[in-house]
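Architecture and fold: a report
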Amino acid sequence: MPLAEVFTIARGAQDVAEVVHVTIEHEGETGWGEAAPIDRYDESPASALAFVAGAAELGDDPFALDEIEARLAERPGEHAAKAAIDAALHDLCGKLTGVPVWRLLGHRRLGPPTSWTIPLDDPDAMARKAERTGAPFQRLKLKLGGGDGLDIERVRAVRGVARVPMQVDVNEWWTLDQALEALPQLAGLGVEYCEQPLPAGHADGPELKRRSPLPIFVDEDCHTLADVAPCAERAHGITIKLAKSGGIREAVRMAHAARALGLGVMLGCMVESGLGISAGCQVASLCDHVDLDGNLLLAEDPCPGVELVGGIQVPPATSGLGVQPAAVRA
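Residues numbered from 1 in each chain as written. Predicted model: local features only at pLDDT ≥ 70, side-chain atom pairs only at ≥ 80, totals over all residues. Heavy atoms only, no water.

Among the nonpolar cores identified, the biggest contains 73 residues, and Leu140, Leu142, Val155, Trp174, Leu183, Leu186 and Ile238 are the most heavily contacted of them. Once residues within four sequence positions are removed from consideration, valine 155 is found in contact with Leu142, Leu144, Met166, Val168, Leu186, Leu189 and Val191. The next biggest cluster of nonpolar side chains, apart from the first, holds 21 residues, and it includes Val22, Ile68, Ala84 and Ala243. (Core = buried A, V, L, I, M, F, W, Y, C linked by side-chain atoms within 4.5 Å. Buried < 20%, exposed > 50% of the residue type's maximum accessible area, 1.4 Å probe, protein only. Contact = heavy atoms within 4.5 Å.)

This part covers helix α7 (residues 176–188). End to end, α7 covers 19 Å across 13 residues, agreeing with the expected 18 Å (1.5 Å per residue, within 8%). Along α7, the sharpest kink reaches roughly 25°, centred on alanine 182 and followed within four residues by the proline proline 184. Among the residues of α7, those classed as buried are Leu176, Ala179, Leu180, Ala182, Leu183 and Leu186. Buried residues along α7 sit against α6 (151–159), β7 (166–169), β8 (191–195), α8 (205–211) and β9 (216–218). Just downstream of α7 lies glycine 190, where phi reads positive at about 85°. (Helix = DSSP H or I, 4+ residues; strand = E, 2+ residues; numbered from the N terminus. Expected span 1.5 Å × (residues − 1). Bend = angle between axes of the 7 residues up to and from the residue.)

What follows deals with the pattern of salt bridges. A side chain with one charge can pair with a side chain of the opposite charge if their charged atoms come near. Here the structure, examined in full by the defined rule, presents 26 salt bridges. For the salt bridge of arginine 71 with glutamate 67, the shortest nitrogen-to-oxygen distance reads 3.2 Å. Residue arginine 71 and its partner glutamate 67 are both found in helix α2 (residues 65–73); the two are separated by four residues, about one turn of the helix. A relative accessible area of 33% places arginine 71 in the partly exposed class. Beyond isolated ion pairs, a larger network of salt bridges with shared partners links Asp66, Glu69, Arg249, Glu250 and Arg253. (Salt bridge = Lys/Arg side-chain N within 4 Å of Asp/Glu carboxyl O.)

In a beta sheet, neighbouring strands pair by backbone hydrogen bonds and run either parallel or antiparallel. Strand order in this open sheet of eight strands is β5-β6-β7-β8-β9-β10-β11-β12, and the pairing throughout is parallel. The strands lining the two open edges of the sheet, one partner per strand, are β5 (116–118) and β12 (289–290). As paired elements, strand β10 (residues 237–240) and strand β11 (residues 264–267) share four bridges and run parallel to each other. Paired with glycine 237 across the two strands is glycine 264, which belongs to β11. Here helix α11 (residues 248–260) sits on the sheet in contact with β10 and β11, set at roughly 175° to β10. (Pairing = 2+ DSSP bridges. Axes fitted to C-alpha atoms, helices over the stretch in contact; angles between N-to-C directions.)

Let us look at the packing of helix α5 (residues 123–133) against α6. Two elements in contact, α5 and α6, have axes separated by 8 Å at closest approach and are oriented at 35°. Seen along the crossing, α5 lies across α6 with a hand that is right-handed. Every residue of α6 that contacts α5 at Pro123, Met126, Ala127 and Ala130 is listed here: Glu153, Arg154, Ala157 and Val158. Class assignment of the residues belonging to the contact of α5 with α6 gives a composition of six nonpolar, no polar and two charged. (Left-handed = near helix turned anticlockwise from the far one by under 90°. Nonpolar A, V, L, I, M, F, W, Y, C, P; charged D, E, K, R; others polar.)

Take the environment of isoleucine 118 next. One can find isoleucine 118 in strand β5. Each C-alpha atom, one on isoleucine 118 and one on threonine 8, is 8.9 Å from the other, the two residues being 110 residues apart in sequence. If we skip the residues at most four places from it in the chain, isoleucine 118 touches Met126, Lys129, Ala130, Thr133, Leu140, Lys141, Leu142 and Lys143.

A word on the side chain of glutamate 172. Counting through the fold element by element, glutamate 172 comes out in the loop between β7 and α7. Of note is the side chain of glutamate 172, whose polar atom sits 3.0 Å from the side chain of arginine 11. The residues contacting glutamate 172, other than those within four sequence positions of it, are Arg11, Arg40, Gln196, Pro197, Leu198, Pro199, Ala200 and Glu220. (Polar contact = N/O pair within 3.5 Å; in protein donor to acceptor, adjacent residues only side chain to side chain.)

Time to look at the environment of aspartate 177. Along the chain, aspartate 177 turns up in helix α7. A sequence separation of 27 residues divides aspartate 177 from aspartate 204, and the C-alpha atoms of the two residues are 9.9 Å apart.

This part takes up the packing of aromatic side chains. According to the stated counting rule, one finds two aromatic pairs in the structure shown. Both rings, one in tryptophan 116 and one in phenylalanine 137, keep their centres 4.9 Å apart while their planes meet at 35°; by these two values the pair is tilted. Here the residue tryptophan 116 occupies a position in strand β5, and phenylalanine 137 occupies one in the loop between α5 and β6 (140–143), the gap between them amounting to 21 residues. Relative accessible area serves as the criterion here: at 15%, phenylalanine 137 is assigned to the buried category. Both rings, one in tyrosine 193 and one in phenylalanine 217, keep their centres 4.5 Å apart while their planes meet at 40°; by these two values the pair is tilted. Of this pair, tyrosine 193 sits in strand β8 while phenylalanine 217 is found in strand β9, placing the two residues 24 residues apart along the sequence. The exposure classification of tyrosine 193 matches that of phenylalanine 217, with both residues buried. Arginine 75 extends its terminal NZ or CZ atom over the ring of phenylalanine 51, reaching a point 4.0 Å from the ring centre. (Phe/Tyr/Trp six-rings, centres within 6.5 Å; stacked < 30°, edge-to-face > 60°. Lys NZ or Arg CZ within 6 Å of the ring centre and 35° of its normal.)

The next point concerns the environment of valine 19. Its place among the elements puts valine 19 in the loop between β2 (12–16) and β3 (20–26). Look at valine 19 and you get partly exposed, because its relative accessible area is 22%. Sequence spacing of valine 19 and glycine 268 is 249 residues, and the spatial spacing of their C-alpha atoms is 16 Å. Excluding residues that lie within four positions of it along the chain, valine 19 makes contacts with Met1, Glu34, Ala35, Ala36, Pro37 and Val271.

Below is the structure:
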């Protein structure tokens, strides 16, 4: 899937996203899911395909989600592939019962407004991109971690043209000293929270949480339910992504566990089509913050159906996830 423009973060840049689409059939209905493999965790489209091929026989009951999930968990890793299977099962169950997945789960349809991501660039370029953004976005997410001493200037430049709430994402690129120097300045510029300033698992995480003037949310530190409790000592909140958690069911468990620990909850995404974003929308109402703009970064979404209304990514009201490839619909 070609992107509308190059998307750059501290770890690198991309102009094309590769995803894997999964279908599960039962009683004349087809469920669709999408895997967005994360190379940071040694996943690829090829490894996702291999995992899916090895899980081809799921049994004869698509509603036996606990049993299916337990079998998939016997094979380690490949959370994006597991998320695709999970999404396809939820889509299938929704179609078999004739209701949207968010209703099947008992969730509200609408979550918080999504942020719009400004990729890492020089300060003036980021300001120009922010200036072009405008309505309907109600929040900006700035990618930092340039390694050139200009991260504060990036935020200052964007703040000069945008008055909406802002958050920053450093993608593991700062040291403790850099974070402690930058965070008070970011607070002064009205940044509301900082995502993953230190490398995952860094020993200084608890110290940074104690001294930070801004809430710290962790992304690369937090994958599945087992990670949530350890994150409480190093962060004020967690970032959930279906491609990391293995799907909707684990994401729901993580959100409730975070709440029990007094942590904030953010829902993120990879660069995904509307199919992957729709799966995320089904749990968005459980979260404090939402960053579901992956499909909006594409030159053309091959799986349209999620609507951006007033800054909120709204899932379809039709049965299941309500999204599948346009070529299939046609």
